[in-house]
Amino acid sequence: MSLNSTSKLLNYRLSEELNMTKQHTAKQHFVPRFLLKHFSCDENHVFVLNRMIDKIYRTTVDSICYENDIYDEKWKDVIEELGKYVLDNQIEEYFADLESKTSPLVKHIIALIKSGTHNVKLSKEEHDIISEFITTLYLRNPYTLKSIIDYYDGVEDEPDCEAMMYVVDYLFSTAKWGSPMSLLVYSKKAGIFSKEIEGSPYNVEYEKISNMKYIFWYAKEGGIITSSFPLHIMSADGERAERIICPLSNEVALVLFDSMPYPMKEGMVIEIDEDNLKWNMNFFYRTYSKEMARLFIAKDEETLNRIKKN
């Protein structure tokens, strides 16, 4: 197929997409609302410790842990027919689909543990869903996302990419679309979450996370917190995660280990005592910078006051 015919085909497909009426989602949560609701007493409000202003206040789940169009890119210097966004909401829709599978699974896990189950064994499908969810939870956070995009800065000047950019530029020029630079910026974001690209950040992190062993913490009286960076990652060398805590609710946390500590067994539910819980939550708070975790989130004000004082 010639470049000219390829451009006509792309033009046709883009026009076809534009003819479909579609509501754009600009408010894009990097911590899913379903997860935040598990730290609420009414599924709508949570208490937040905002470290940037050093204040604790009550607010809605919908009003925190989001940025407008963080996963999208607006077209710039192109014809109006291409629309407003490059591949509008495709990354956001991927997250929505994943969350629709993860939310009922997390609810089921929490219900099992609260009912007195001492071991929660995930099926392969469930394990894959949880692994994918934690991988994207890490990568979609603004702190991680910006770090990776900054790392890719200038990649278009590399010899391999330079040749590809010439082809893309030719296609846009032939089709009279305008500048392809917005497509390049968007492709950096999309490439982070790609399962098809060998060595993509998603594939690298998923490989590590999916091979970690898991247990669950159960705090019967509550007291588990989360944050705007909702994974507590412990690493001795800054490369390999030795332990990842993923709070699922104010009572339940998923804990992943690179090497399972003896005598723990996979799927085990451990009822964590109050002193151990307080130490771990304080450690969570102390080890993350304000830039990395601006907000800490809990079901009640008392829990946040306690970690703030310590």
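Everything below is about the structure printed above this text.
All figures in this text were calculated on a predicted structure; none of them were measured in a lab.

About the cut-offs
- Residues numbered from 1 in each chain as written.
- Predicted model: local features only at pLDDT ≥ 70, side-chain atom pairs only at ≥ 80, totals over all residues.
- Heavy atoms only, no water.
- Helix = DSSP H or I, 4+ residues; strand = E, 2+ residues; numbered from the N terminus.
- Buried < 20%, exposed > 50% of the residue type's maximum accessible area, 1.4 Å probe, protein only.
- Contact = heavy atoms within 4.5 Å.
- Areas by Shrake-Rupley, 256 points an atom, 1.4 Å probe, with all protein chains shown as cover.
- Lys, Arg positive; Asp, Glu negative; His and termini not counted.
- Charge placed at Lys NZ, Arg CZ, Asp CG, Glu CD.
- Phe/Tyr/Trp six-rings, centres within 6.5 Å; stacked < 30°, edge-to-face > 60°.
- Lys NZ or Arg CZ within 6 Å of the ring centre and 35° of its normal.
- Pairing = 2+ DSSP bridges.
- Core = buried A, V, L, I, M, F, W, Y, C linked by side-chain atoms within 4.5 Å.

**Q** When you look at the overall build of the chain in this model, what are you seeing that I'm missing?
**A** Helix and strand content of the chain: 10 helices and 11 strands. C-alpha atoms of the chain, sized along the principal axes, occupy 65 × 40 × 35 Å. Considering the chain as a whole, with its 310 residues, one finds that 45% of them fall into the buried category. The contacts of the chain with a sequence gap of at least 6 include a subset with a gap of at least 24, amounting to 76%. Total accessible area on the chain stands at roughly 16,600 Å², and carbon and sulfur atoms take up 50% of it. Distance from the positive charge centre (37 side chains) to the negative charge centre (49 side chains) of the chain: 5 Å.

**Q** What is the right way to look at the packing of aromatic side chains in this model?
**A** Given two aromatic rings, their pairing is described by the distance between the two centres and the angle made by the two planes. On inspection of all chains with the given rule, the structure shows 17 aromatic pairs. Here the aromatic rings of Tyr 71 and Phe 95 are separated by 5.0 Å at their centres, their planes lie at 75 degrees, and the arrangement is edge-to-face. Highlighted residues: Tyr 71 in the loop between β4 (66-68) and α3 (90-114) and Phe 95 in helix α3, separated in sequence by 24 residues. Judged by its relative accessible area of 1%, Tyr 71 falls in the buried class. When the centroid spacing of 5.5 Å and the interplanar angle of 40 degrees are considered together, the rings of Tyr 94 and Phe 95 count as tilted. According to the relative accessible area criterion, Tyr 94 is partly exposed, its value standing at 21%. An aromatic cluster is present here, built from Tyr 138, Tyr 143, Phe 229, Phe 284, Tyr 285, Tyr 288 and Phe 296 joined pairwise through their rings. Here Arg 51 stacks its cationic end above the ring of Tyr 285, 4.8 Å away from the centre of that ring.

**Q** Would you take a moment to explain the pairing of strand β3 (residues 55-60) for this structure?
**A** Within a regular strand, the side chains alternate between the two sheet faces. Note that strand β2 (residues 45-50) and β3 share 6 bridges and pair antiparallel. The partner of Val 46 across the bridge, within β3, is Thr 59. Once β2 ends, the chain turns through 4 residues before running back antiparallel as β3, passing Asp 54 with a positive phi of about 55 degrees.

**Q** Where do I start with the nonpolar core in this structure?
**A** Burial of nonpolar side chains together is a common tendency in soluble globular proteins. Residues Phe 216, Leu 248, Leu 254 and Phe 296 are the most contacted members of the largest nonpolar core, which totals 82 residues. Per-element accounting of this core gives the leading share, 7 residues, to α3. Excluding its chain neighbours within four sequence positions, the residues that come into contact with Phe 216 are Ile 109, Ile 113, Val 120, Leu 248, Val 252, Ala 253, Leu 254, Gly 267, Met 268, Val 269 and Ile 270.

Geometric values such as these leave the question of function open.
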